[in-house]
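# Structure at a glance
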Amino acid sequence: MARNNPKKHFNVFDEPVCVGRPNLVNRQEFMCMVNDILDRRWYTNDGKYVKKLENELGAYLGVKHCIAVCNATIGLEILFQVCGLTGNVILPSFTFIATAHALTRIGLDVKFCDIDPKTHNIDPNLLEKLIDDETSAILGVHVWGRPSKVAQIKKIAARHDLKVLYDAAHAFGCSSGNTMIGNFGNAEVFSFHATKFFNTFEGGAITTNDDELALALRSFRNFGFLGADNVGSLGTNAKMAEINASMGLALLSHIKELVDINKAHYQIYKDRLSSFDGVSVIDYNPNEKNNYQYVVLELDEQLAGISRDALIEFLHDHNVIARRYFYPGCHKATPYHTRKYSLPETELLCGKTVLLPTGNSVNINVVSEICNLIQHAIKTQMRPSE
Ligand SMILES: Cc1ncc(COP(=O)(O)O)c(C=O)c1O
């Protein structure tokens, strides 16, 4: 099928318009804190901004303990270690590779479970078949900030005496029912990486309502120190620095504004792109909180008449850096690919997703232009003579 030269029809954006470009708000507020950090010469180690961020995040999420860390990957690793996980852990393959790598790096075996195509999260109905004598935990991922089936997972885990942990990297500001994510399982781990709508350059946080676990995590995050000259356990350096915390604080006071921007962009994409056969923008439950940081197009190649990869290439040609997530799935990546898995829904979804730019690095005009491009690509591929 001949592909029209898209550049005849549309202007190419001067600068790349990317998925995951960081949000920026209130530079002055941030710089004020940076100057204070420099003036006081207190850069890390339980500084005032890390403590303030932990308190404010804990209050926002309604969770007892919030432990800031240098990034979510290390946060996951220290959580697994402090929880004393052994043997294997069940997780979805439809996630960022860090979820699986964090387990593998500390010597745990991964058992990939297929997803529910409606939620894109682990399918709880498949969990019990995977549990064996060596399983110590279920690790759910709230993909796109849409909550895992927390109640069902809790019941299954209780039946088999397993820990439940969540990779909540996508899910800051999201809820399951009326309860904010951050309160589920034994603990949850958020990512505040620069690509996340709420970021601390690099960073993350572990949240839990378990006092003992929180204490152990705080100590493990700081080399196992219990107090000066008193090392009570193994540990590592997983601390967040003051400058990272100050970025978080600067953004936190604008969190509603950032979600509103994401939501407005999401609504434009949804309105403009949902009327084509084989094309849908994923839904968010209006009765739950979501951060709307992910605009996820699912493209059924047969019905839409254009392949997912052709659409991405077309967008890249116009400097719109759309992305395929989580292609090709963790189970197809090294070192996991040597085993055989049956993950049909995961594989189907990995071939369908297109993530589109949002956040405050773009505006509604840019979003509308991107919609024009996508509409054009779909229409011309379906009817090449047009
Ligand atoms: C689902 C998921 N888990 C873990 C991570 C790792 O987070 P970090 O970059 O903070 O280590 C990411 C990062 O994008 C992610 O998307």
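Residues numbered from 1 in each chain as written. Predicted model: local features only at pLDDT ≥ 70, side-chain atom pairs only at ≥ 80, totals over all residues. Heavy atoms only, no water.

Core analysis: the largest hydrophobic core is formed by 96 residues, its most contacted members being Trp144, Phe172, Phe198 and Leu356. Ranked by residue count, the leading element in this core is helix 13 (residues 364-382), at 8 residues. Formed jointly, this core draws a minimum of three residues from each of two domains, domain 1 (27-252) and domain 2 (255-322 + 357-382). Excluding anything up to four places from it in sequence, Leu356 contacts Val19, Tyr269, Leu273, Val295, Leu297, Leu315, Ala322, Ile370 and Ile374. With 31 residues, the next largest nonpolar core counts Val89, Leu91, Ala238 and Cys330 among its residues. (Core = buried A, V, L, I, M, F, W, Y, C linked by side-chain atoms within 4.5 Å. Buried < 20%, exposed > 50% of the residue type's maximum accessible area, 1.4 Å probe, protein only. Helix = DSSP H or I, 4+ residues; strand = E, 2+ residues; numbered from the N terminus. Domains from an automatic or database assignment. Contact = heavy atoms within 4.5 Å.)

Close to the ligand lie 14 residues; Ala72, Thr73, Asp167, Ser191 and Lys196 are nearest. One nitrogen or oxygen atom from the main chain of Ala72 is found 2.9 Å from an oxygen atom belonging to the ligand. One of the side-chain nitrogen or oxygen atoms of Lys196 is found 2.5 Å away from an oxygen atom of the ligand. Secondary structure elements with two or more residues in the shell around the ligand: helix 3 (72-82) and helix 4 (97-105). Split into classes, the residues belonging to the shell around the ligand amount to 4 nonpolar, 8 polar and 2 charged. (Near = heavy atom within 4 Å. Polar contact = N/O pair within 3.5 Å; in protein donor to acceptor, adjacent residues only side chain to side chain. Nonpolar A, V, L, I, M, F, W, Y, C, P; charged D, E, K, R; others polar.)

On inspection of all chains with the given rule, the structure shows 17 salt bridges. A salt bridge links Glu77 to Arg105, with the nearest nitrogen and oxygen atoms 2.7 Å apart. Residue Glu77 is located in helix 3, and its partner Arg105 is located in helix 4; the two are separated by 28 residues in the primary sequence. Judged by relative accessible area, Glu77 falls into the buried class, the value being 7%. Judged by relative accessible area, Arg105 falls into the exposed class, the value being 61%. A salt bridge links Lys256 to Asp260; the nearest nitrogen and oxygen atoms lie 2.7 Å apart. Of this pair, Lys256 and Asp260 are both found in helix 9 (residues 255-273), 4 residues apart, which corresponds to roughly one turn of the helix. By relative accessible area, which is 36% here, Asp260 ends up partly exposed. A single network of salt bridges, built from pairs that share partners, joins Asp46, Glu54, Arg218 and Arg221. (Salt bridge = Lys/Arg side-chain N within 4 Å of Asp/Glu carboxyl O.)

If you want to describe how two helices pack, look at the angle between their axes and the distance between the axes. Their axes nearest at 9 Å, the elements helix 1 (residues 27-40) and helix 8 (residues 242-252) cross at an angle of 155°. Looking at the two axes, helix 1 sits roughly antiparallel to helix 8. Remark: the crossing between helix 1 and helix 8 carries right-handed chirality. Between helix 1, through Glu29, Phe30, Met33, Val34 and Ile37, and helix 8, the contact on the second element is made entirely by Glu242, Ile243, Ser246, Met247, Leu249 and Ala250. Looking at the contact of helix 1 with helix 8 residue by residue, the classes come out as 8 nonpolar, 1 polar and 2 charged. (Axes fitted to C-alpha atoms, helices over the stretch in contact; angles between N-to-C directions. Parallel < 35°, antiparallel > 145°, perpendicular 65-115°, else oblique. Left-handed = near helix turned anticlockwise from the far one by under 90°.)

Here we take up the packing of aromatic side chains. Aromatic ring pairs: the centre-centre distance and the angle between the two ring planes describe each pair. Across all of its chains, the model carries 21 aromatic pairs by this definition. Members of the aromatic cluster, connected to one another through ring pairs, are Tyr60, Phe172, Phe190, Phe192, Phe197 and Phe198. (Phe/Tyr/Trp six-rings, centres within 6.5 Å; stacked < 30°, edge-to-face > 60°.)

Our focus in this paragraph is unusual backbone geometry. Of the consecutive residues Tyr327 and Pro328, the connecting peptide bond is found in the cis state with omega at 0°. You can see Pro328 is positioned in the loop between strand 15 (320-321) and helix 12 (344-350). In this structure, the amide linkage connecting Thr334 to the following residue, Pro335, adopts the cis form with an omega of 5°. In this fold, Pro335 is placed in the loop between strand 15 and helix 12. Positive phi outside glycine occurs at Asp161, with the angle close to 55°.

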